[in-house]
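# Observations on chain architecture
Here is what each chain is made of, one letter per residue.
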Amino acid sequence: MTTSDDPPIRARRLEQFRPEVTRRGFMHAMGASFGLAGLSACVRAPDKEILPYSRQPPEVTPGVAKHYATSMSIDGYATGLLVESHEGRPTKVEGNPDHPASLGATGIHEQGMVLSLYDPSRARAVARGGQPARWAAFANAHATMAAAKVHFLLEPTSSPLRVNLIGRIREAIPGATFHFHAPLSRNRAWDGAALAFGRPLDVRYDLSLAKVVLAVDRDFLASGPGWLVLARQFADGRRLLGQSDSMNRLYVAETALTVTGTAADHRLALRPSQIVALTALLAERVLAGQRDAPPELLGALERAASPAREHAAWAAAVARDLLANRGAGVVTVGDAQPPAVHAIVHAMNIALGNVDRTVRYAPPPIFEAGEASHDLGGLVGALAAGQVDYLAILGGNPVYDAYADQDLGQLVAKARGSVYLGPCANETARPVDWFVPEAHLLESWGDGRAFDGTVSFAQPLIAPLFGGRTVDEVLAVFLGQGAQAEGSHALLRDYWRGKHGATGFDAFWESTVRRGLMDRTAIPTLEQRIAWGRLQAAVEKLPASPADALEIQLRGDPRVYDGRFANNAWLLELPDPVTQLSWDNAALLSAATMTQLGVQDEDVLELSYEGRSIRVPVLAAHGQADGSLTLSLGYGRKGELAVGRDVGVNAYALRTSLAPYANGRIALTKTGEQFPLARAQLEFDLHGREDDIFFHESLEEYRKDPRFTAHKNTAPETLYDLKPGAPRQWGMSIDLGVCTGCSACVVACQAENNVPVVGREGVRKGRRMHWLRVDRYEAGEEQLFAEPMLCQHCEKAPCEYVCPVNATNHSADGLNQMVYNRCVGTRFCSNNCPYKVRRFNFFNYTDDITPLERLVLNPDVTVRDRGVMEKCSYCVQRIREAEIHAGVEARAVRDGDIRTACEQACPTKAIVFGNVADAGAEVTRLRHADRSFAVLNDLGTVPRTRYLARIRNPNPELAR
Amino acid sequence: MQPVFPRWSNSIYRWTIAALLVGPASFIALLWVLARTPYYTGENAVRDQPVKFDHRHHVRDDGIDCLYCHSGAKTSAYAGVPPASLCMNCHSQIWTDSPELSLVRTSFYTDTPIRWNRVNAVPDFVFFNHSIHVAKGVGCVTCHGRVDEMGLVFQARRLSMGWCLDCHRAPEKFLRPPDQVTSMEWVPAGPQIELGRRLKKTLAVNPSVECTGCHR
Amino acid sequence: MTAAVPVQGIREDDRPDVVLIGRPGDRELTAQLVGAVLSPPPWINKVLLVTGFVTLILFAAVTYTVLTGIGVWGNNIPVAWAFAITNFVWWIGIGHAGTFISAFLLLLEQKWRTSINRFAEAMTLFAVVQAGLFPVLHLGRPWFFYWLIPYPSTMDVWPQFRSSLPWDVVAVSTYFTVSLLFWYLGCIPDLATVRDMAPEKWRRRVYGFFALGWRGTARTWSRYRIAYGILGGLATPLVISVHSIVSMDFAIAQLPGWHSIIFPPYFVAGALFSGFAMVLTLLIPIRRLYRLENVITTAHLDLMAKMILLTGSIVAYSYTVEIFLAWYSGDVFERWMHLHSRIQGPLAATFWIVVFCNVLTPQVLWFKRWRTSPRLLFVVTIFVQLGMWMERFMLIVTSEAQDFLPSSWRTYRPSAIDMTILFGTMGFFLFLFFLLIKYVPFIPIAELKETRFKIEEETRGGPVMGP
């Protein structure tokens, strides 16, 4: 195949494949692929076998999927999940509606996580010096370390069990030292709180009460602890269902355009250095009236604000708006900003009377947050000084993502012994003596705490495929039992029995595991008073002169985060929610800056700093601050990665402990080379087609004329009656007013519907397979709108009458059906689809994937063969299943019984699916809401998917 | 000038022309027929099984209900082949050392599945669901035939798409009271059509004839 | 063509109204025309070798495509159709002049048809062979092409008759069948002539086999005439129907640039335009190489040039109407397509090539001395071929590349396989064509004698017995 150079196709076949895996779930995956075997209609279907259980687990009914509660922690903050399992084979992740950090929603990382379980590059055995070894050998070798100076390097954790283990180890091994490292740690936020209040704190927001939100370099709608909740609250605060509804207002100041930036009513694109200044400027305005704020502070702020003077008008207007909404505003700042800025923002929230209303402070759930143990410097020092007997790196990938100037890769060798617990033979696995494969989340018992402290449980969906171990299990080894150390299940159970007490423990355990969380375990918030003096001192240290050189911003990537998802084909193929760039990372520049530098898209720049340099292609980015260059971390991975190896460039090479997020002293040189970038969308201009494609209006105008869409969005008269319908008529409504474009729906759809990955070349050639895509459209300088685009299920579908073999046609309940096994692949339907939502299998994208990777396939959905067309089916497998279920129970299908994958994942509840023939259904209500419109309505396609126009809430002072 | 060809070549021509006309037509007809033969549909093809399980004995003699072993049929898409553990419910008591059952015992004690040969398979790309059919009064015998008279089970019906549609378009011809679903001998008291119409109404039987009813 | 071609014919009496020069007797004519078959020029074997090799490459490319999937082409979403359908429409269009000349002009009793009809008809067949390759090859799953044909399947499903594609299958296959029979029927008497005149035994046997035992009795001739007339009558409407249906492949869609009611006549005209061009492209060199100036006279060139001018004008008119309607409709999408995308978009070059080749070049044919200059005609026809291919490319690719939602806009770049297949079909076409030249009397001998007889009747006003 010509696509042999495509990463997903290149995935290596597996040598040893565990038979019990096949028994558990293979029958189904194969069932789907057997379909592919029946290519020609002229041969008899091949004979098949049936392998029943020999001892059927009581809870399993073959063919009936079950959901289990678990939770996923990123940098220590847990999010509750429900995972779908087919005969013990996890295939799909949903949010846990009961969990305070999920509320039933998920993000792209939660959705993509299940794919990593079946990652062919996962390590398969314990290894010592590169040679396969046995777990027992490892465990026994590490049972007796009481005398040694053992340094543990963990990811930040909130797990009560792990904290307990750490405590016990500190007793057992006096020389033990613990370090916690995450490349995108929250240290600066905690230091900021310490600066203001004398102790590290997390801020908890209640956006449901917020009328005005100011986000300073903070992408709270798509990242950070509890972002799913913030997104929901923010959306609820601007979900307009009538003229009289009120709506919150969002101001954003940031460097590169983020999902939050695209949702803003007013956005200011600033270089990193200016962001600090702007915060000072705003604070100066806000604190002016504050009695207990010392006047010297205002002076210091004024000085620090000088680089942002040009934006004085903007700042003044925002400050006025915040002051006008005392107690109903929120000022929030990103983790990348220096502590002083965090402190300033705390002061602002206090001055605005937001504290105890929209803003609260609580101790972080993270163990030893803000303490020295969270700074890698300590470990680096000890290693350099040769004071480390043994180094245990449990989880994470520090050699890859530690600061370049700390050069951990070399230092690890200085420890007299070392072990690494990791997912695969990655960067960190190289220099260590022992390597232990890490169990995937879906193979692990464990616990953690949500952003609000709620204790959340993680339970395994499947036995470890490759004998992986959890961090807790390895820690237990160091307690001295060696190979006798308990497994994670026993550890967890024993710990919580100890906490809860034996009486009624089983019931408590059952319910906690079943629900995935423990009620009433949230960490209470605390009153705080700010130390003005310390704040002033810090502000005086802020630089008052603008950096004039081009400033480079390093940020966590929206898709691969800090690099931990860099081998996940779904997330790599997912176009960046803002730039629509798929697969690689690129140096984002504003158009103006590009002309200034004399570079074009895809030109390769060389960035060098302190003797390290990387070569990275350039991409013009909408809303990028002039004079700034933004580069995502997490790419350019090395090590044995089937998919992610050498995808993009490793920006950590430029990241130093002194300039971790922004740097004005990086040298740029043009190389004259070109690198082909896989851009999923090339045209962002609407070409004056607003009234056909994307309706948007200001709140003011909307209130004047709530039905403004109806006037322009009319369908032509027709001679034909629509098909006489069945009692149920499926339809969808998408609220563009609250859709942030976070793309969780895209990955959810991919996971639910076995959507194949086509690789960089495929996307470049315009052959991406996503059934649901998020289009981005420019509207002026400030706005970049998001529009989820999927099959509209037109009642008069242009695709249907052109298909020569009737492979796509209309069902009585209003679905535009696509029958893969009838399709001969003329592609006429795609030509005639005005929405271009139909996807074509130019190659067979699934026959090269390994048996392991096959296990992720959803057995309820056909795996498509090459040469056939496919598209969004409104998750028809869920519809039919619900109908059958209702039929068996002899009842009607209720509103909410059926939720499409995209709807279920959506953090803001922008997508609503249901029976439009049911007057009581929510979807019906929304479709008849005054903002409702249909895309390309004047073509007469009568789409079943309708949209709600986007309403912006601009500040009259700033609206021009 | 002497002729290039002998006289009889004329008749050769005539035959050739005839063949050109008839040949393709009959070839197409052949395929048309082939697709309907048991060879192609797999009807009546008895498949050997690792364990000589005899439905005649278990169903007729012992009167075990279909759903005792194929319990999935009530609740799941798959009727399911019983796990060895289920066989052992009885066979840990009776025929405990029968050589016929050795494979079942090994399967149970070594926890390795028995590899049965699949008999009834709907065409590829079909998502068939047993539970709804059982709930709506489609008898086992309607699609599987008189299993109680089969030594080794064979596919009793065509199981082609056209065959499915015969019933989905006119279910009343086949419906029976839900409590008679597993019965092998049941026959309608009165005319089937009237009973079928009544059941269709009372059970709200409304079978899907949409593509996505079976192809997803 | 190295040797100089006399611009003004070769005989003093070669005037643009004379379709047969001199008064060659039956023997003379037969000798000249059968000679081309019995003693073919040596260069033809080399030509066959080269074209045959290209044909092999074509088959290789086709096999590769079927084995791996059409992802090896440059197609994408939105440009789901590209080279394959462009080539299809181009070849099928070229295939039109043949039937027009042999059937249409037969019914209109045009004398000038005689000496070129077999030639043109054969060209039609070979063009349709090329065209027929693509509808099957461009399918995602070619092995299921038969699902487009209505037949009682065990699945109880039928084709979608509202789509134009099932009709395409019928139209093209009918067209091919009728053209083949019509052409073969015309050949029979001449094959018999070759049989009777061939010195070698194998020739006599082979040609005798295909001559179906033709004896040339009065009875045979009368039956033959009737059959020929009937087939001619059958073939004539096909000239219109086939390309009208092909045009529906686009007209029934609502894509800007396809969604147009003028397509059927516009396509038929375009087809004849390219068809006549192709006849001339092949005829002019052959006429020279075989010294056939006496039977394929300046009159033929002149008349066909006029046809090109006529059909070309219709095509040019259609372009204008398309653009006008787009502007007049006020439809934002149509306007964008015709007033921006095609004219200044990423693929604008094709539009301007089309205008130059199909609208400007034919204008030289207003002048008789250029219509009658073989060399110039040859150049013009080459331009027309290019122009008409580009026209189809513009219609298909440019329209798809920028449709309703800007988010899905994308341009198109053909792959090496695309190119191989396009030029491969050209090689295959020429290969078949030169096979014909070598083995079949490509100027209908019997009919020509008949025509000569008619001419003499008219001039002398009375029948004359040959020889």
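Below you will find a few notes about this structure. (Residues numbered from 1 in each chain as written. Chains lettered and ligands numbered in written order. Predicted model: local features only at pLDDT ≥ 70, side-chain atom pairs only at ≥ 80, totals over all residues. Heavy atoms only, no water.)

This part is about the overall build of chain B. The number of helices and strands found in chain B is eleven helices and one strand. When the elements of chain B are put in sequence order from the N terminus, they spell out α-α-α-α-α-α-α-β-α-α-α-α. Rg of the C-alpha trace for chain B: 25 Å, well past the compact-globule value of 17 Å for 216 residues, more than 25% over. Counting all 216 residues of chain B, 38% fall into the buried class. A sequence separation of at least 24 residues applies to 64% of the contacts in chain B between residues at least 6 apart. Total accessible area on chain B stands at roughly 12,600 Å², and carbon and sulfur atoms take up 64% of it. Distance between charge centres in chain B, computed from 23 positive and 18 negative side chains, equals 11 Å. (Helix = DSSP H or I, 4+ residues; strand = E, 2+ residues; numbered from the N terminus. Rg over C-alpha atoms; globule rule 2.2 N^0.38 Å. Buried < 20%, exposed > 50% of the residue type's maximum accessible area, 1.4 Å probe, protein only. Contact = heavy atoms within 4.5 Å. Areas by Shrake-Rupley, 256 points an atom, 1.4 Å probe, with all protein chains shown as cover. Lys, Arg positive; Asp, Glu negative; His and termini not counted. Charge placed at Lys NZ, Arg CZ, Asp CG, Glu CD.)

Let us now look at the overall build of chain A. Secondary structure summary: chain A contains 32 helices and 40 strands in total. Here the C-alpha radius of gyration of chain A, 28 Å, is about what a compact globule of 960 residues would show, namely 30 Å. The buried share of chain A, reckoned over its 960 residues, is 66%. Sequence separation of at least 24 residues holds for 75% of the intrachain contacts in chain A that already meet a minimum separation of 6. In the structure as shown, chain A presents an accessible area of about 31,600 Å², 51% of it carried by carbon and sulfur atoms. Both charge centroids of chain A, one from 104 positive and one from 110 negative side chains, sit 2 Å from each other.

Opposite the 63 residues of chain A that make contact, chain C presents 54 residues. Summed over both partners, the interface of chain A with chain C comes to about 4,900 Å²; 57% of that surface belongs to carbon and sulfur atoms. The salt bridge involving C:Asp403 is made with A:Lys836; its shortest N-O contact spans 2.9 Å. Remark: the boundary between chain A and chain C carries 35 residue pairs in polar contact (both at pLDDT 80 or more). (Buried area = accessible area lost by both parts, 1.4 Å probe. Salt bridge = Lys/Arg side-chain N within 4 Å of Asp/Glu carboxyl O. Polar contact = N/O pair within 3.5 Å; in protein donor to acceptor, adjacent residues only side chain to side chain.)

The next point concerns the state of the cysteines. Within the structure shown, the criterion is met by zero disulfides over all chains. The cysteine A:Cys906 is free of any disulfide, with A:Cys742 supplying the nearest cysteine sulfur at 6.4 Å. With no disulfide partner, B:Cys87 has as its closest neighbouring cysteine sulfur the one in B:Cys69, 6.9 Å distant. (Disulfide = S-S within 2.5 Å.)

Mapped onto the elements, B:Ser131 comes out in helix H8 (residues 130-135). Within the structure, the side chain of B:Ser131 is placed 2.5 Å from the side chain of B:Asn129, a separation counted as a polar contact. Those residues in contact with B:Ser131 that lie beyond four places of it in its chain are A:Ile884, A:Val888, B:Ala73, B:Lys74, B:Thr75 and B:Ser76.

Our focus in this paragraph is the pattern of salt bridges. Residue and element names in this part refer to chain A. As enumerated under the stated definition, the model contains 68 salt bridges over all chains in all. A salt bridge links arginine 186 to aspartate 202, with the shortest nitrogen-to-oxygen separation between them at 3.0 Å. Taken as a pair, arginine 186 in the loop between strand E8 (177-180) and helix H6 (187-197) and aspartate 202 in strand E9 (residues 202-205) lie far apart in primary sequence, 16 residues in all. No difference in accessibility class separates arginine 186 from aspartate 202, as the two residues are buried. For aspartate 897, the salt bridge is made with arginine 894, and the minimal N-O distance between the two is 3.4 Å. Using a relative accessible area of 31% as the deciding quantity, one classes aspartate 897 as partly exposed. For arginine 894, a relative accessible area of 48% puts it in the partly exposed group. A cluster of three or more residues bridged by salt bridges with shared partners is formed by Asp75, Glu155, Asp562 and Arg564.

Right, let's get into empty space enclosed by the protein. Residue and element names in this part refer to chain A. Approximately 980 Å³ is the volume found for the second largest cavity. Around the second largest cavity, the lining is made up of 44 residues, and of these Asp219, Ala222, Ser223, Gly224 and Tyr561 lie nearest the centre. Listing elements by their share of the lining of the second largest cavity, those giving two or more residues are strand E2 (66-74), strand E3 (77-86), helix H3 (108-117), helix H7 (227-236) and strand E20 (551-555). In terms of residue class, the lining of the second largest cavity is made up of 23 nonpolar, eleven polar and ten charged. (1 Å grid on protein atoms, 1.4 Å probe; cavity = no way out; pocket = protein on both sides within 12 Å on 5 of 7 lines; lining within 4 Å. Points joined across faces, edges and corners; volume = space filled by probe spheres on them. Nonpolar A, V, L, I, M, F, W, Y, C, P; charged D, E, K, R; others polar.)

As a further point, take a positive patch on the surface. On the surface, a cluster of positive charge is contributed by B:Arg7, C:Arg215, C:Arg219 and C:Arg223. Here C:Arg223 is to be found in helix H8 (residues 218-251). Relative accessible area serves as the criterion here: at 52%, C:Arg223 is assigned to the exposed category. (Patch = residues over 30% accessible without salt bridge, like charges linked within 9 Å, V, L, I, M, F, W, Y side chains within 5 Å.)

Each partner contributes to the interface: chain A provides 43 residues, whereas chain B provides 39 residues. Where chain A abuts chain B, roughly 3,800 Å² becomes buried across the two surfaces, and 57% of that area is made up of carbon and sulfur atoms. Inspection of the chain A/chain B interface yields three salt bridges. Across the pair B:Arg47 and A:Asp47 runs a salt bridge whose closest N-O atoms are separated by 3.9 Å. Inspection of the chain A/chain B interface yields 15 residue pairs in polar contact (both at pLDDT 80 or more). Of all elements in the fold, only helix H2 (19-37), strand E1 (49-50), strand E33 (808-810) and helix H30 (876-888) of chain A reach the threshold of two or more residues within the side of chain A that touches chain B. Per-element tally for the side of chain A that touches chain B: the top contributor is H30(A), with six residues. Of the strand pairs in this sheet, E1(A) and strand E1 (residues 116-117) of chain B are connected by two bridges, and their pairing is antiparallel. Bridge pairing links A:Ile50 to B:Trp116 in E1(B). (Pairing = 2+ DSSP bridges.)

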